[in-house]
Amino acid sequence: MNPILKYRWLVGLLLENRQGLTLSEIADRWEMRNLDGRPFSRRSFQRWREEAEEIFSIRIECNSYYRYYIAHGDVENDRLSAWLMHSLSISNLANDLRDMRESVLFEDAPKGEEYLGIILEAMKSCRQLSMIYHNFNREVPNDPALVNPLCVKMRDHRWYMVVEYAKYPGQPRVLALDRVVGLTMEATRFKKLKGFNASEFFAESYGVMAMPEMEAKKVVLKFDSHEAKYIRSLPIHESQQETVCDGYSLFTYRLKLTEDFLIAMLPHAFHGEVVEPLELREEMCRRAQKILERNKSLTP
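No experiment lies behind these values; they were computed from the predicted model shown.

What to know about the packing of helix α1 (residues 3–16) against helix α3 (residues 42–56)
The interhelical angle for the contact between α1 and α3, taken along N-to-C directions, is 85 degrees, at an axis separation of 9 Å. On the basis of their axis angle, the class for α1 and α3 is roughly perpendicular. Taken together, the residues of α3 that come into contact with α1 (itself represented by I4, K6, Y7, R8, W9, L10 and V11) are F45, W48, R49, E51, A52, I55 and F56. Considering only residue class, the contact of α1 with α3 consists of 10 nonpolar, no polar and four charged.

Have a look at this one:
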């Protein structure tokens, strides 16, 4: 069995059992799985533990009850690590899921992930990419272009890449990977865009429409106490702050009124109300009127 798979199995097992497992319990799980036919040993466990901590940037600690567990902290504050840990936990369940395919239903895998490997390698080595992009508003793909990959972001089951076109330096653009039809890594290296920070680039955006030229607004939404439970459990945006009132809650945000945000607000419009800004309230009314006009009659 590949050593990496053993480390991944151990991390996934401990993630499934947040309260921790004793060495004996870990050995029982190993024997139960019979992953490579070899017996489990304390020496092997210590080696796997050290390697897993190094590879996945985690800490596996032992409490006073001799139970081993993953010590959270940086992992919970690091989205990449958290996503990786989640993936490992699901991966460990793969064999069980194969036998329960009719009972466990998944959404489709994120679009464009086949390009992630080459993009991450290019970002790490600061190598340019030759890209052929087919925008939805064009009948044929664009001509090949050289781009500097700056970061990738997953959103709504699609992978996106922020790039700097070689012809347009200093102008980061967001592209959807499912619209890339050709991608190769070049020998040419590029200098990282000075001052670019991926988190800051999207900080005031709802999704992937960064719109650097657009000013962020204070947004206040009102939901009754029942609907507020859903908004509270799954925040609309990272900037979300709640003020609980009598029978309702006010949720305050700081973000840009981009098209993807406006579209995302439509499902909430039935239960919620835009308190401010006025321009958002008016825009929601315009869109509601268009929906009404378009659907009020079955006549073509």
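A closer look at the pairing of strand β9 (residues 241–244)
Direction of pairing for β9 relative to strand β10 (residues 248–255): antiparallel, over a ladder of four bridges. Residue pairing for β10: T243 is matched across the bridge by L250. Once β9 ends, the chain turns through three residues before running back antiparallel as β10, passing G247 with a positive phi of about 90 degrees.

Things to note about the sheet that holds strand β7 (residues 180–189)
Taken together, five strands build an open sheet; the order of strands is β6-β5-β4-β3-β7 and the sheet is antiparallel. Strand pairing shows two members of the sheet lacking a second neighbour, β6 (172–176) and β7, which therefore form its edges. Strand-to-strand, the axes of this sheet are offset by a mean angle of 40 degrees, without reference to chain direction. With five bridges joining them, strand β5 (residues 158–165) and β6 adopt antiparallel strand pairing. Its bridge partner being in β6, V162 is matched across the sheet by V174. Contacts from helix α7 (residues 116–125) reach β3 (127–133), β4 (145–155), β5 and β7 within the one sheet, and its direction differs from that of β4 by about 115 degrees.

Rules used in this analysis
- Residues numbered from 1 in each chain as written.
- Predicted model: local features only at pLDDT ≥ 70, side-chain atom pairs only at ≥ 80, totals over all residues.
- Heavy atoms only, no water.
- Axes fitted to C-alpha atoms, helices over the stretch in contact; angles between N-to-C directions.
- Helix = DSSP H or I, 4+ residues; strand = E, 2+ residues; numbered from the N terminus.
- Parallel < 35°, antiparallel > 145°, perpendicular 65-115°, else oblique.
- Contact = heavy atoms within 4.5 Å.
- Nonpolar A, V, L, I, M, F, W, Y, C, P; charged D, E, K, R; others polar.
- Pairing = 2+ DSSP bridges.

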